[in-house]
Amino acid sequence: MDNKTMLILGLAFVANPLFATDVADHVAPELTSQVTSKQSVTAKEFVVAAAHPLAVEAGYQVLKNGGSAADALVTVQTVLGLVEPQSSGLGGGAFLVYYNAKNKQLTTYDGRETAPLSAKPELFQDENGEPLQFFDAVVGGRSVGTPGTVKLLADVHRHYGQQQWASLLEPAIDLATNGFAVSPRLASAIARDNERLSRYPDTKRYFFTESGQPLPQGSLLKNAQYAQTLELLAKEGERAFYRGKIAQDIVNKVQGISDNPGTLSLEDFATYKVIEREPVCAPYRQYQVCGMGPPSSGALAVGQILGITSHFELSEMGADDPHSWQIIGDASRLAFADRGRYIADTDFVPMPEGLLDPEYLTQRASLIKKGQALSHVEAGNPPWNQRMARADDESIELPSTTHIVIVDKQGNIVSMTSTIENGFGSRVMSNGFLLNNELTDFSFASYRNGYPIANRVEPGKRPRSSMAPTIVMKEGLPYMALGSPGGSRIIGYVAQTLIAHFEWGMDIQQAINMPRMLNRFGTYDIEQGTPAVSFKADLEQMGFNVEVRDLNSGLQGVVFTDGQMIGGADPRREGIVMGE
């Protein structure tokens with residue numbers, strides 16, 4: 001068996017139970033609880049892929065009953081918020097890329113959380129102006145931004161929904177009322193986060209047994225408060241969340257935490273808006289790889305990686321050549337350097353127009369020398385009409401996220417990544433759901449060496465993200481939809497999957513299965529327990545620092561070809577694909 005075949009098939013591994021808690025590059029992603037062999041699913045009418053079988057089954061029924069992709073999205077996300085609470089939910093935010101089959105156009109919806117209007121740049125600094133330790137900032141009310149997921153679901157349903165809003169919440173209400181079995185992944189996550197989840201009494205009551213033990217796999221878990229919240233949303237719509245009792249409860253909880261209070265207010269809820277934005281599309285071979293622009297760095301960084309690597313013959317070198325991975329790794333490092341200096345919420349700070357300029361990417365590609373890792377990487381000088389001095393970012397973005405792909409009978413497509421940021425977010429619960437810690441995606445430092453950091457905290461600003469919901473277009477029509485959780489590693493997961501498919505001819509499931517290898521800030525991460533570990537010595541010889549570790553991507557993807565839809569789900573998580 002050659003290395004390429006081994007890379008596709010080699011996925012039997014055991015998670016490393018150790019992880020640090022201070023620096024972004026060393027904080028482990030969600031560890032893999034189990035690996036399950038997955039087969040691609042072929043459909044002609046509709047398809048749904050998400051991170052938990054119960055959510056997929058509920059979305060499937062909506063589509064089967066004639067619902068639109070927007071209808072199914074409401075159902076899938078509200079079920080995920082119940083059965084996968086560590087990753088997303090009503091207390092978080094989301095980015096959505098939408099393909100409208102009727103007018104054959106793409107658009108995107110920014111449902112990212114916002115900083116409180118009273119937030120100050122020193123939000124995550126101590127009395128001496130020094131950045132707080134990460135979890136000192138995360139746990140509690142200080143890190144909670146204005147949630148956007150409910151407003152996003154409501155707005156998208158208002159534009160594209162066909163079924164009654166209230167009916168779409170019924171599956172999650174039923175599961176919350178009657179209970180669901182705690183999955184292996186959720187049980188594992190609770191056990192690993194035992195101490196932080198125990199900090200607040202109501203959170204502890206929900207995730208632990210009466211004797212104080214983490215809920216074991218298979219436990220029947222009910223959530224009456226979540227059911228009541230959804231029933232209120234069913235009756236009153238998103239207004240109940242942003243101008244009613246739910247908003248007041250969240251504000252009271254965030255401001256009332258004695259050990260780490262926040263400043264979220266009713267005004268933040270009342271003024272929150274979902275923003276429809278133009279997609280960012282990067283040319284790649286005969287395709288356009290389209291996704292979210294700022295405040296997400298996803299589409300820009302993925303586009304830069306693809307644009308830089310396209311100057312090399314990856315297809316000829318193949319997946320079994322370590323030089324392919326050297327080129328991909330260095331291209332990613334160059335993209336992350338630009339990301340750290342330039343990308344933030346462009347409603348607050350200007351960004352260079354030329355990050356995807358072909359001449360600029362050619363220049364960046366020329367820095368890469370085959371067989372020799374870059375010894376030094378820094379941000380480039382892309383074309384920019386409003387050039388200004390910037391310092392590099394110091395934010396820490398940790399992964400606890402989920403991705404959904406839905407295609408309805410009319411051909412409308414949803415590719416949405418949603419999150420509460422760190423696993424279990426702020427660990428603060430209100431009305432049956434966890435609140436995000438999204439504000440810690442901002443840089444804790446505001447300035448460096450006298451220069452401002454683009455992704456610093458500002459009132460009403462949206463923190464930069466790496467979420468990369470993607471729709472690939474070919475000749476004006478959709479070819480692929482995909483995305484992944486994984487914090488800042490999302491960018492590498494998505495880019496690698498696209499390269500595996502387009503350069504190395506892997507089908508969608510093979511590309512998703514492929515062991516993960518990526519480089520963001522200099523350290524080359526290689527997925528432990530897989531044949532990819534065989535590249536370690538070669539990459540070290542080229543000059544890379546290499547770390548073998550658990551890399552828990554959670555990709556969902558669908559390819560459109562020959563009148564069919566072929567869907568794949570990541571074997572590292574519990575997600576599935578259903579369609580017909």
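Rules behind the numbers
- Residues numbered from 1 in each chain as written.
- Predicted model: local features only at pLDDT ≥ 70, side-chain atom pairs only at ≥ 80, totals over all residues.
- Heavy atoms only, no water.
- Axes fitted to C-alpha atoms, helices over the stretch in contact; angles between N-to-C directions.
- Helix = DSSP H or I, 4+ residues; strand = E, 2+ residues; numbered from the N terminus.
- Parallel < 35°, antiparallel > 145°, perpendicular 65-115°, else oblique.
- Left-handed = near helix turned anticlockwise from the far one by under 90°.
- Contact = heavy atoms within 4.5 Å.
- Disulfide = S-S within 2.5 Å.
- Buried < 20%, exposed > 50% of the residue type's maximum accessible area, 1.4 Å probe, protein only.
- Nonpolar A, V, L, I, M, F, W, Y, C, P; charged D, E, K, R; others polar.
- Pairing = 2+ DSSP bridges.
- pLDDT = per-residue confidence, 0-100.

### Notes on the packing of helix α3 (residues 69–83) against helix α7 (residues 170–178)
Orientation of α3 relative to α7, taken along the N-to-C sense of each, is 20 degrees, at an axis distance of 8 Å. Considered as vectors, α3 and α7 are oriented roughly parallel to each other. At the point where α3 passes α7, the crossing takes the right-handed sense. On the side of α3, the interface is formed by Thr75, Thr78, Val79 and Leu82, while α7 contributes Pro171, Ala172, Leu175 and Ala176.

### A look at the state of the cysteines
Such a bond, covalent and formed between the sulfur atoms of two cysteines, is termed a disulfide. Per the stated rule, a full pass over the model turns up one disulfide. Each sulfur in the disulfide pair Cys281 and Cys290 lies 2.1 Å from the other. Taking the torsion about the S-S bond as the criterion, the Cys281 to Cys290 disulfide, at about 115 degrees, is right-handed. Here Cys290 falls in the buried class, since its relative accessible area comes to 2%.

### Here we look at the environment of Pro350
Structurally, Pro350 can be placed in the loop between α17 (322–342) and α18 (358–365). Pro350 sits 36 residues away from Gln386 along the chain, and the two C-alpha atoms are 7.2 Å apart.

### Overview of the packing of α7 against helix α11 (residues 224–236)
Look at α7 against α11: their axes get within 8 Å of each other, and the N-to-C directions meet at 155 degrees. Between α7 and α11, the crossing angle belongs to the class labelled roughly antiparallel. The two elements α7 and α11 cross, and the hand of that crossing is left-handed. Between α7 and α11, the residues in contact are Ala172, Ile173, Ala176 and Thr177 and Ala224, Tyr226, Ala227, Leu230 and Glu231, respectively. Of the residues contributing to the contact of α7 with α11, the split by class is seven nonpolar, one polar and one charged.

### Brief notes about the sheet that holds strand β1 (residues 41–43)
Within the open sheet, the seven strands sit side by side as β1-β22-β21-β17-β16-β9-β8. Their pairing is antiparallel. Edge strands, defined here as strands with exactly one partner in the open sheet, are β1 and β8 (280–284). Here the strands of the sheet are splayed against their neighbours by 20 degrees on average, with no regard to which way each runs. Pairing analysis gives five bridges linking strand β16 (residues 470–474) to strand β17 (residues 477–483), with the strands arranged antiparallel. Directly across from Thr470, in β17, lies its bridge partner Leu482. Here helix α15 (residues 298–309) sits on the sheet in contact with β8 and β9 (287–291), set at roughly 10 degrees to β8. Strands β8, β9, β16, β17 and β21 (556–561) of the sheet are contacted by helix α19 (residues 490–502), whose axis makes an angle of about 135 degrees with β17.

### A few points about the confidence of the model for the protein chain
Here the protein chain shows a mean pLDDT of 92. Residues at 70 or above account for 92%. With pLDDT under 50 throughout, residues 1–29 is counted as low confidence; its partners more than four residues away or in other chains account for 78 contacts.

### A closer look at the sheet that holds strand β23 (residues 576–579)
With antiparallel pairing, the seven strands of this open sheet are ordered in space as β7-β4-β3-β11-β10-β2-β23. Edge positions in the open sheet fall to β7 (275–277) and β23, since each of these has one partner strand only. Within the sheet, the average angular offset between the axes of one strand and its neighbour, ignoring direction, is 15 degrees. Where strand β3 (residues 93–100) meets strand β11 (residues 413–419), seven bridges bridge the pair, whose relative direction is antiparallel. Paired with Tyr99 across the bridge in β11 is Ile413.

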